[in-house]
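Chain residues, written in single-letter form:
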Amino acid sequence: MACPIGPEEIKKLKMFVGFCSQNPAILNIPQLSFFKEFIVKMGGSVPEAAPSFEQPQASKPAAAAPPENPPPEEEEAAATAQQEESEPESDVELDREGCVDPDTDDPQEMGDAGKEPTDDDMDRASDCRAQAAAAYSEQKYDEAIDLYTQAILLNPGNALFYAKRGQAFLKLVKPNACIRDCDRALQLNCDSAAAYKFRGRANRLLGNWEEAARDLRQACKIDYDEEADEWLREVTPNAKKLEQHRVKQQRKKAEKELKARQERVRKAQEANRRAAEENKGKNDDGDGYPGGGGFNFADNDLFSAFKDPEVAAALQDIMTNPANIIKYQNNPKIVQLLEKLGAAGGGMPGFMGGMGGMGGGGFPGGFPGAGGAPPSGEAPKPPPKTDLNDDGLD
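Residues numbered from 1 in each chain as written. Predicted model: local features only at pLDDT ≥ 70, side-chain atom pairs only at ≥ 80, totals over all residues. Heavy atoms only, no water.

J.: Could you clarify how one ought to interpret unusual backbone geometry in this entry?
T.: Both trends apply: most residues other than glycine have a negative phi, and most peptide bonds are in trans. Of note, the phi angle at Gln139 is positive, near 65 degrees, even though the residue is not glycine. Look at Gln139 and you get exposed, because its relative accessible area is 59%. For Val173, which is not glycine, the phi torsion reads 55 degrees and is therefore positive. Among the structural elements, Val173 can be located in the loop between helix H6 (159–171) and helix H7 (175–188). (Buried < 20%, exposed > 50% of the residue type's maximum accessible area, 1.4 Å probe, protein only. Helix = DSSP H or I, 4+ residues; strand = E, 2+ residues; numbered from the N terminus.)

J.: I keep staring at the pattern of salt bridges and nothing clicks. Help me out?
T.: A side chain of one charge can pair with a side chain of the opposite charge if their charged atoms are brought near each other. One pass over the full model with this rule turns up 20 salt bridges. Lys197 is the partner of Glu227 in a salt bridge, and the nearest nitrogen-oxygen pair spans 2.9 Å. Within this pair, whereas Glu227 is found in helix H10 (residues 226–283), its partner Lys197 is found in helix H8 (residues 193–206), the two being separated by 30 residues in sequence. Among the residues examined, Glu227 registers a relative accessible area of 39% and is labelled partly exposed. For Arg246, the salt bridge is made with Glu210, and the minimal N-O distance between the two is 2.3 Å. With Arg246 in helix H10 and Glu210 in helix H9 (residues 209–222), this pair connects stretches of sequence that are 36 residues apart. By relative accessible area, which is 34% here, Arg246 ends up partly exposed. The structure contains a network of salt bridges with shared partners spanning Lys115, Asp120, Asp121 and Arg124. (Salt bridge = Lys/Arg side-chain N within 4 Å of Asp/Glu carboxyl O.)

J.: What is the right way to look at the side chain of Asp121 in this model?
T.: If you trace the backbone, Asp121 turns up in helix H4 (residues 119–137). Filtering out sequence-adjacent residues up to four positions away, Asp121 remains in contact with Lys115 and Leu154. (Contact = heavy atoms within 4.5 Å.)

J.: Even after reading the chapter, I still don't get the packing of helix H5 (residues 141–154) against H6, so can you show me in this structure?
T.: In helix packing, the relevant descriptors are the interaxial angle and the interaxial distance, both defined with respect to the helix axes. Relative orientation of the contacting elements H5 and H6 amounts to 160 degrees, with a least axis distance of 9 Å. Viewed along their axes, H5 and H6 adopt a mutual orientation that is roughly antiparallel. Crossing hand, H5 versus H6: left-handed. For the pair H5 and H6, the contacting residues are Tyr141, Ile145, Tyr148, Thr149, Ala151 and Ile152 in the first and Phe161, Tyr162, Lys164, Arg165, Ala168, Phe169 and Lys171 in the second. Its residues assigned to classes, the contact of H5 with H6 comprises nine nonpolar, one polar and three charged. (Axes fitted to C-alpha atoms, helices over the stretch in contact; angles between N-to-C directions. Parallel < 35°, antiparallel > 145°, perpendicular 65-115°, else oblique. Left-handed = near helix turned anticlockwise from the far one by under 90°. Nonpolar A, V, L, I, M, F, W, Y, C, P; charged D, E, K, R; others polar.)

J.: Just to check I follow, could you spell out the nonpolar core for this structure?
T.: In summary, soluble globular proteins display a tendency toward joint burial of nonpolar side chains. In this structure, Leu170, Cys178, Ala185 and Ala195 are the most contacted members of the largest nonpolar core, which totals 34 residues. Among the secondary structure elements, those contributing two or more residues to this core are H4, H5, H6, H7 and H8. A total of eight residues in this core trace back to one element, the largest contributor, which is H5. Here Ala185 is in contact with Ala159, Tyr162, Ala163 and Ala195, once residues within four sequence places are set aside. (Core = buried A, V, L, I, M, F, W, Y, C linked by side-chain atoms within 4.5 Å.)

J.: How should the packing of aromatic side chains be read in this particular structure?
T.: Aromatic rings considered in pairs are described by the distance between their centres and by the relative angle of their planes. Summed over the entire model, instances satisfying the criterion amount to one aromatic pair. Where Tyr136 meets Tyr141, the ring centres are 5.3 Å apart and the plane angle is 65 degrees; that geometry is what we call edge-to-face. As far as the burial class goes, Tyr136 and Tyr141 line up, both buried. The ring of Trp231 has Lys197 lying over it, and the distance from NZ or CZ to the ring centre is 5.5 Å. (Phe/Tyr/Trp six-rings, centres within 6.5 Å; stacked < 30°, edge-to-face > 60°. Lys NZ or Arg CZ within 6 Å of the ring centre and 35° of its normal.)

J.: Got a minute to help me understand the confidence of the model for the protein in this structure?
T.: When pLDDT is low, close inspection of the predicted coordinates is not appropriate. With 69% of its residues at a pLDDT of 70 or more, the protein shows a mean pLDDT of 77. With pLDDT under 50 throughout, residues 55–68 is counted as low confidence; its partners more than four residues away or in other chains account for two contacts. Predicted confidence for residues 386–394 stays below pLDDT 50, and this span has zero contacts to residues more than four positions away or in other chains. (pLDDT = per-residue confidence, 0-100.)

Written as structure tokens, this is what we have:
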């Protein structure tokens, strides 16, 4: 069922009900007694209070308080955004004399684009065009538009019919209708100087300065026309102002993006530098060798000893089988190196577990295979055979 009340009346009713909801006492004035009686009849009630005619403040949203101390980056971004907003295109000083309000008529008839006109259709369309031209010369623009429309329906593939009808719409100050006709004409013939010319003039009336200059320039390029050139000179100053403004805005945007990119690079470099310093501090927690527990390769004697091939081979042999340490107990270079390693505090895994008590060239019982228990996983070796007649004397 259709609503008997129109949209505008419904809108006003909503506003009135909303106002009464926020200020119910307003219904106590004599002029609104009929509405109060209606509410009471429907079971409602109206507070008996003096009406207040002050506008309610609750409907106005409170502005969000800005942060007390915004970060410098946010301040800079906000300042840049404010500057960009303060320079919109509408702030460019333009001469808008002669501009008109856009027309809002329904789109005009464009014909059937897929129609193949017969010879008779084309002849009749030519007659309509001739009559339309005569009506136009007599300033009967509405009649000319109707005749051009008949020609278009008969032969919808003729671009000139649309351009000429667009010219008639210009005379009636209907620039949007003119632009629609010229757009269709240019779809059919991209080299229609007339379509570019009339569309350029229509854009000028609407204040589309850059579009107007572009169309009129193209019209003169295809087929020079004094009137089109005059219209072009008329729109050029405003078009140049808008072009310069756009170039300026693009340059500012590019500079802003470059600055933001440089700031991101700087932050990344700073983060990498801090991370490198932290990692360096962690690696320096030991005495020169990460995880060494005090072992320091900066000791020149130790470093030189490790470069000795004989020492390196001996250490490799001992690491392969810690019991082999017995073989080197009479080698002073190996013994001194092992003593230094033991004194470094922490030992070497696998064969340095008991270095703390070594001295005088002997090996403590703490070394695997040196008078103590055999290494894990190996069977105990039998004691060496002795001569029963040996009295211990050489």
